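# Observations on the three-dimensional arrangement
For reference, the chains in residue letters:
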Amino acid sequence: MLICASHERVIPRPATRFVIALVFGLALLTWVASLVVSRTTRDWFEKDVGMRAQLAVSGVRHGLLSHWKAEDGDDLHALLTELTRDERILAAAACGKDLSQLATTAEFPEQFGCRSIGVHVRQAAPSGLVFVPWKTVTSLPGGKVYVSAIPLLDQEEAVGFVVLVHDLSFIERREASVRWFLIVAFGFSATAAATITMFAARVSWHEWRGEIQRVLKGETPRPEFHPLLQDVLDLGERIAAERQADSERGVWTPQRLKQALNQYLRGERIIIVANREPYIHEHTPGGGVTILHPASGLVTALEPVMRACSGVWIAHGSGSADRETADAQGHVSVPPGEASYVIRRVWLSDEDVRGYYYGFANEGLWPLCHIADTRPVFRSEDWKHYQAVNQTFADAVAEEVDIEDPIVLVQDYHFALAPRLIRERLPRATVISFWHIPWPNPDRFGICPWRHELLEGLLGSSIVGFQTRFDCSNFIDAVDRYLESRIDRAQQAVVQQGRTTLVRPYPISTEWPVRWLETAPSVSACRAGIFAELGLPADALLGVGVDRLDYTKGLEERLLAVERLLERFPALCGRFTFAQLAAPSRTEIDRYRQLNDNVERVAARINERFGRGTYRPIVLLREHYEPPAVFTYYRAADLCYVSSLHDGMNLVAKEFVAARDDERGVLVLSQFAGAARELTEALIVNPYDVDEAAAALAVALEMPPDEQRARMRSMRAYLSEFNVYRWAGKMLVDAGRLRDRERLIGRLTHMERAT
Ligand code: F6P
């Protein structure tokens with residue numbers, strides 16, 4: 001799916017759709033009506049013809065009898081000819097008792113001779129032979145005829161019978177005329193109805209427009225338009241005010257975020273609850289202490305927000321030197337040298353880390369939420385630790401706050417229970433939870449034995465945020481399926497025991513501009529440095545991948561795409577190198593160790609197959625790289641391939657774009673990463689389709705500089721606006737509005753109680 005073509009469809013307007021439906025409906029009705037009418041009229045006409053036959057024969061009965069007995073063929077012929085004067089009687093025959101043919105009119109059809117018809121009119125009876133009336137309709141070359149045989153009675157005794165052949169073709173003619181009449185009548189009514197509908201639609205649209213224009217000019221509309229126009233006006237005013245405010249303030253920056261915090265939240269401190277801390281103190285082999293920035297999208301996004309807003313970041317103190325660098329309460333001011341905010345480290349036992357982090361969070365919830373073919377494992381022992389750690393963090397929040405209604409941002413799947421636990425301790429807190437990873441569909445979510453508890457826990461939040469609208473609907477569907485609650489789909493909210501939780505998409509992003517660029521060398525210096533480090537010639541082409549070693553990132557598929565590229569384009573062999581920065585992650589879990597081995601094996605096989613001399617197509621760098629080094633790789637590369645099999649957002653994709661202030665380099669991006677919905681100028685691929693991905697890599701390497709620039713410029717413009725300050729700002733503004741509303745409701749309830 002390299003190119004997304006959009007096909008313009010002509011969609012008929014509602015009035016036109018109505019007219020088309022009307023015409024089809026009337027055509028169908030005409031057809032059914034003509035069927036019913038022809039069947040009924042045919043019955044009537046046949047009965048009519050039958051009666052005429054009886055009447056005609058009774059009119060000449062006496063004459064017939066006298067000539068019958070005399071067996072006077074000529075006179076019988078004359079009488080029969082007399083009968084055929086009736087315009088509908090075509091021919092007649094007189095048949096004796098013994099089925100002999102006494103007389104016929106000229107051109108009497110032979111197939112209706114006395115013997116063949118007699119079979120039908122003669123019936124065996126105990127008293128001998130009797131005749132019964134008989135009739136049939138049959139087709140002759142000239143059209144349909146009605147044949148009737150009428151017994152001729154002389155004092156109750158039948159002396160023979162008369163056969164009459166009637167012309168029925170007039171019925172067909174009449175049916176055809178009726179059908180035409182119906183078609184014309186229905187056609188006329190359809191045209192009339194369609195014209196009236198179009199006319200009415202136009203008139204009412206005119207009227208609506210006229211009324212709206214009148215209101216916009218400040219005139220008073222007709223009374224029946226008042227409620228609707230008021231709604232339209234309110235909405236218009238609201239949108240205009242928000243647009244105005246948005247455009248006046250321009251793009252979101254750390255300053256604007258601070259202002260929003262002051263305006264909507266009275267400058268309150270923010271409390272973040274997240275498993276991963278933004279600064280990890282680690283012992284070095286030399287006996288010193290170093291600070292690490294973890295490879296985490298969550299940290300990448302939230303750290304700049306905290307620097308802008310200040311507050312407390314409550315996290316698991318996981319570094320080997322974390323305790324000695326924090327005070328007795330686990331506090332440490334960061335960033336080092338700037339002290340914009342505080343990390344509150346929570347100390348967890350090894351059992352807790354095994355059960356809560358490795359077990360329930362990463363062997364249970366992580367595979368539950370990602371479609372990457374790894375089965376979730378749920379153990380009750382892990383669940384107990386998960387509950388306990390969530391309680392520990394909720395307690396830490398209560399210890400850190402200095403007001404009754406703090407703003408608490410709960411991050412990710414490690415803390416699904418914390419929002420409710422925090423609310424129990426701090427009922428007036430504004431709790432915003434953000435789920436960084438995808439939310440599964442209700443069937444898959446139902447796999448989890450503690451699905452109710454997880455949902456109940458999250459619904460302790462004032463707002464639950466997700467990366468995409470799709471995740472929001474999955475969450476709402478899960479609540480709808482598993483909990484007693486009221487879903488307000490218009491407001492995108494869940495109401496439980498009178499408390500409302502808003503469910504909203506807030507696509508996460510990076511800071512803009514990225515602070516690591518301030519000190520980054522120029523693109524050419526980065527390129528020269530990395531090429532020297534990897535031993536690449538100046539005309540080499542470089543691709544990069546930057547990930548934690550996680551099975552959701554599609555690392556094996558990525559390497560296979562490189563292999564296919566080299567198979568299909570042998571000229572790239574010796575020229576193209578793919579450097580994969582793979583930070584070890586969750587190594588206590590078997591599945592991650594397996595992944596590590598698989599990636600290593602695939603890389604070794606490809607290098608064996610295509611390597612020559614010192615050339616290795618794959619450079620696998622399995623270690624943690626600090627952000628400045630990662631940005632050097634981004635800036636040195638010709639392309640970056642993000643091949644996630646399923647990913648909430650993937651900030652590597654956004655970081656690569658942010659890193660390329662030279663507007664060069666191509667992003668090849670998996671369609672299964674949330675970022676693909678925003679970075680549409682990337683080459684979007686299905687990572688499972690190795691051929692497609694290889695083709696995209698080839699396109700990226702061949703892409704002319706102008707096209708690279710155009711794509712990069714557009715993605716950078718987007719990211720400069722939709723940056724992480726906007727992400728946080730939108731959440732905080734929504735939270736501020738919610739707090740105002742809750743305060744107002746609180747005041748009203750208070751007043752109601754007082755009166
Ligand atoms: O995507 C979820 C997430 O929390 C990211 O923010 C981050 O990239 C990753 O998981 C970090 O994982 P861990 O904290 O387990 O190393």
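Residues numbered from 1 in each chain as written. Predicted model: local features only at pLDDT ≥ 70, side-chain atom pairs only at ≥ 80, totals over all residues. Heavy atoms only, no water.

## Considerations on the overall build of the chain
Of regular secondary structure, the chain possesses 23 helices and 25 strands. Judged by the C-alpha coordinates and their principal axes, the chain covers about 145 × 85 × 60 Å. Within the chain, buried positions represent 50% of all 755 residues. Taking the intrachain contacts of the chain between residues at least 6 apart in sequence as the baseline, contacts between residues at least 24 apart amount to 71%. Carbon and sulfur atoms provide 54% of the accessible area of the chain, an area that totals close to 36,600 Å². (Helix = DSSP H or I, 4+ residues; strand = E, 2+ residues; numbered from the N terminus. Buried < 20%, exposed > 50% of the residue type's maximum accessible area, 1.4 Å probe, protein only. Contact = heavy atoms within 4.5 Å. Areas by Shrake-Rupley, 256 points an atom, 1.4 Å probe, with all protein chains shown as cover.)

## Some words on the pattern of salt bridges
Within the structure shown, the criterion is met by 42 salt bridges. In this structure, K553 engages D647 in a salt bridge whose closest nitrogen and oxygen atoms are separated by 3.2 Å. Placement of K553 in the loop between β20 (541-548) and α17 (555-568) and of D647 in the loop between β23 (639-642) and α20 (651-659) is noted, with a sequence separation of 94 residues between them. For D647, a relative accessible area of 10% translates into the label buried. (Salt bridge = Lys/Arg side-chain N within 4 Å of Asp/Glu carboxyl O.)

## A short note on the state of the cysteines
With the rule as written, the count across this model stands at one disulfide. Paired by a disulfide, C95 and C114 hold their sulfur atoms 2.0 Å apart. Measuring the twist about the S-S bond at about -75°, one finds the C95-C114 disulfide to be left-handed. Of the two residues, C95 is situated in strand β1 (residues 89-96) and C114 in helix α4 (residues 114-121); the sequence distance between them amounts to 19 residues. (Disulfide = S-S within 2.5 Å.)

## As for the domain arrangement of the chain
Domain annotation for the chain reports domain 1 (18-172), domain 2 (258-505) and domain 3 (540-721). Using only C-alpha atoms to locate each centre, domain 1 and domain 3 end up separated by 92 Å. (Domains from an automatic or database assignment.)

## A few points about the sheet that holds β23
Read from one edge of the open sheet, six strands run β22-β21-β20-β23-β24-β25, paired in parallel fashion. Each end of this open sheet is capped by a strand with a single partner; those strands are β22 (618-621) and β25 (683-685). Pairs of neighbouring strands in the sheet enclose a mean axial angle of 20°, with direction left out of account. Relative to β25, strand β24 (residues 666-670) runs parallel, the two sharing three bridges. Among the inter-strand pairings, S670 is bridged to a residue of β25, identified as V685. (Pairing = 2+ DSSP bridges. Axes fitted to C-alpha atoms, helices over the stretch in contact; angles between N-to-C directions.)

## Here we look at the packing of aromatic side chains
Counted under the stated rule, the structure contains 25 aromatic pairs. Between Y357 and Y358, the ring centres sit 4.8 Å apart and the planes meet at 75°, which makes this aromatic pair edge-to-face. Note on Y358: relative accessible area 19%, which makes it buried. Members of the aromatic cluster, connected to one another through ring pairs, are Y356, F360, F378, W383, Y386, F393, F415 and W450. One Lys or Arg, R256, reaches over the ring of W252 and ends 4.0 Å from the middle of that ring. The positively charged end of R586 is found above the aromatic ring belonging to W366, 4.1 Å away from the centroid. (Phe/Tyr/Trp six-rings, centres within 6.5 Å; stacked < 30°, edge-to-face > 60°. Lys NZ or Arg CZ within 6 Å of the ring centre and 35° of its normal.)

## With respect to the site of the ligand
The environment of the ligand is formed by R276, S296, G297, L298, Y357, W366, D412, I437, R548 and R586. Between an oxygen atom of the ligand and a side-chain N or O atom of R276, the distance comes to 3.1 Å. In the environment of the ligand, an oxygen atom lies 2.8 Å from a nitrogen or oxygen atom belonging to the side chain of R586. Protein contact buries 89% of the 390 Å² of open area that the ligand shows by itself. Contributions of two or more residues to the shell around the ligand are made by α8 (297-309) and α10 (350-369). In the shell around the ligand, the residues fall into four nonpolar, two polar and four charged. (Near = heavy atom within 4 Å. Polar contact = N/O pair within 3.5 Å; in protein donor to acceptor, adjacent residues only side chain to side chain. Nonpolar A, V, L, I, M, F, W, Y, C, P; charged D, E, K, R; others polar.)

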